[in-house]
Amino acid sequence: QVQLVESGGGLVQAGGSLRLSCAASGRTLSMYAMGWFRQAPGNEREFVAAISRSGGVTHYADSVKGRFTISRDDVKNTVALQMNTLKPEDTAVYYCASYQTGSTRYVPTSRYGYWGQGTQVTVSS
C-alpha cells in the first residue's frame, strides 16, 4: 500500500503560478503511473494530468494543456504539478493518485487505486 501526501497549495492571483508536490511512502512510486485530479465545490472530481511509470508519457486535460506540467522523481519518490498562468476556474482541491500497472507507458485517466488527502488551490481574479 502506498500513502500519498500533497503539499504546495495556497492562494494566488490570476496569472500566477503554484507548484504542487505529492510525496509517497510505503512503496516506491516506480511501480505506479501517477495522476493529479481536482474537485471544485459542487463539481465532480475531474482528471487533470497523468504521467507514465517511465515518465516518458504524459497526458493532460484540455483545460490545463499548455499551462500545467506533471513530472516525477522516483529517487525522491515524489510527483509534482507545476501550474502556470492560473485562472479562477482552476480553484479546487487538488489530489494526487497512483495507479499500479505493469506498463511503463500507460497514462490512465480513471480508476486510480490510492489517493492523497488533497491540497486547496484558490485563484483570485
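Scroll up to find the structure.
Residues numbered from 1 in each chain as written. Predicted model: local features only at pLDDT ≥ 70, side-chain atom pairs only at ≥ 80, totals over all residues. Heavy atoms only, no water.

> In this structure, what is going on with the sheet that holds strand S1 (residues 3-7)? I would like to understand it.
As a general point, the strands of a sheet are linked pairwise by backbone hydrogen bonds and lie either parallel or antiparallel. Within the open sheet, the 4 strands sit side by side as S1-S3-S8-S7. Their pairing is antiparallel. Across the chains shown, the open sheet's two edge strands, defined by having one partner strand only, are S1 and strand S7 (68-73). Across this sheet, the average inter-strand angle for adjacent strands is 15°, counted without regard to direction. With 6 bridges joining them, strand S3 (residues 18-25) and strand S8 (residues 78-83) adopt antiparallel strand pairing. Residue pairing for S8: Ala23 is matched across the bridge by Thr78. (Pairing = 2+ DSSP bridges. Helix = DSSP H or I, 4+ residues; strand = E, 2+ residues; numbered from the N terminus. Axes fitted to C-alpha atoms, helices over the stretch in contact; angles between N-to-C directions.)

> Teacher, can you tell me more about the environment of Ala40 here?
Its location among the elements puts Ala40 in the loop between strand S4 (32-39) and strand S5 (46-51). Remark: the alpha-carbon pair of Ala40 and Asp90, spanning 50 residues in sequence, is separated by 8.3 Å. Those residues in contact with Ala40 that lie beyond four places of it in its chain are Thr91 and Ala92. (Contact = heavy atoms within 4.5 Å.)

> Help me understand the pairing of S3, please; the structure alone is not making it clear to me.
In the case of a regular strand, side chains alternate between the two sheet surfaces. Burial along S3 is one-sided: the residues Leu18, Leu20, Cys22 and Ala24 are buried and none of Arg19, Ser21, Ala23 and Ser25 is. Looking at chain direction, S1 and S3 are connected through 5 bridges and run antiparallel. When the sheet's bridge partners are listed, Val5 is paired in S3 with Ala23. (Buried < 20%, exposed > 50% of the residue type's maximum accessible area, 1.4 Å probe, protein only.)

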